[in-house]
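So the chains spell out like this:
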Amino acid sequence: MPAPTEEGFKCVFQASRWAALWRGAWLLFLSPPRLMIGSHSVLTATHGNAFKPWEVEEEHLALTKIASVKHIKGLLWDSISIESDGGQNTLDMRDLPKQDALEIIDVLHQHI
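Nothing here was measured: the structure is a model prediction, and the numbers come from that model. (Residues numbered from 1 in each chain as written. Predicted model: local features only at pLDDT ≥ 70, side-chain atom pairs only at ≥ 80, totals over all residues. Heavy atoms only, no water.)

Three or four residues apart is the spacing at which side chains of an α-helix point the same way, because the helix has 3.6 residues per turn. Helix length check: helix H3 (residues 98-111) (14 residues) gives 21 Å between terminal C-alpha atoms against 20 Å at 1.5 Å per residue, within 8%. Regarding H3, the residues found buried are Ala101, Ile104, Ile105, Val107 and Leu108. Structurally, H3 contributes buried residues whose contacts are with strand E1 (9-14), strand E2 (34-38), strand E3 (41-47), strand E5 (66-72), strand E6 (78-84) and strand E7 (90-96). (Helix = DSSP H or I, 4+ residues; strand = E, 2+ residues; numbered from the N terminus. Expected span 1.5 Å × (residues − 1). Buried < 20%, exposed > 50% of the residue type's maximum accessible area, 1.4 Å probe, protein only. Contact = heavy atoms within 4.5 Å.)

All right, on to the layout of surface pockets then. To locate leftover empty space, one rolls a probe as large as a water molecule over the atoms. By volume, the largest pocket amounts to about 180 Å³. Taken together, Ala15, Ser16, Ala20, Arg23, Leu28, Pro32, Pro33, Thr46, Asp92, Met93, Arg94 and Asp95 make up the full set of residues lining the largest pocket. Secondary structure elements with two or more residues in the lining of the largest pocket: helix H1 (17-23) and E7. For the lining of the largest pocket, the element with the highest residue contribution is E7, accounting for four residues. (1 Å grid on protein atoms, 1.4 Å probe; cavity = no way out; pocket = protein on both sides within 12 Å on 5 of 7 lines; lining within 4 Å. Points joined across faces, edges and corners; volume = space filled by probe spheres on them.)

Our focus in this paragraph is the sheet that holds strand E4 (residues 56-62). Each strand in a sheet pairs with another by means of backbone hydrogen bonds, the pair being arranged parallel or else antiparallel. The four strands are arranged E1-E2-E3-E4 in an open sheet whose pairing can be described as antiparallel. Across the chains shown, the open sheet's two edge strands, defined by having one partner strand only, are E1 and E4. The sheet shows a mean angle of 15 degrees between the axes of neighbouring strands, direction not considered. Sheet analysis places E2 next to E3, joined by four bridges and oriented antiparallel. The residue of E3 that forms the bridge with Met36 is Leu43. Contacting E1, E2 and E3, H3 crosses the sheet at an angle of about 150 degrees to E1. (Pairing = 2+ DSSP bridges. Axes fitted to C-alpha atoms, helices over the stretch in contact; angles between N-to-C directions.)

Pasting the structure below:
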């Protein structure tokens, strides 16, 4: 499965490669998770585990279905949790640079 394309998305953010090295996750260092915000939806893309690095897990959430955005501030990196209206599916993104996390919050609050 090819990696998700960045075409059609207004904002593209990726997790810190340094955070992946800090945790010893070499696969996340090679291809860090990405969060993409489009005009109608939010997409997270994460590569598979060490045994299946070619797999990509994508989660979509329509901007109209976003209920809340949680910002977890860390010492070096931040995390974002985007909750849906139904409350069943949350999109989580870890190890974001602080400036990227603030920008994600600003962009999503414009659409909520």
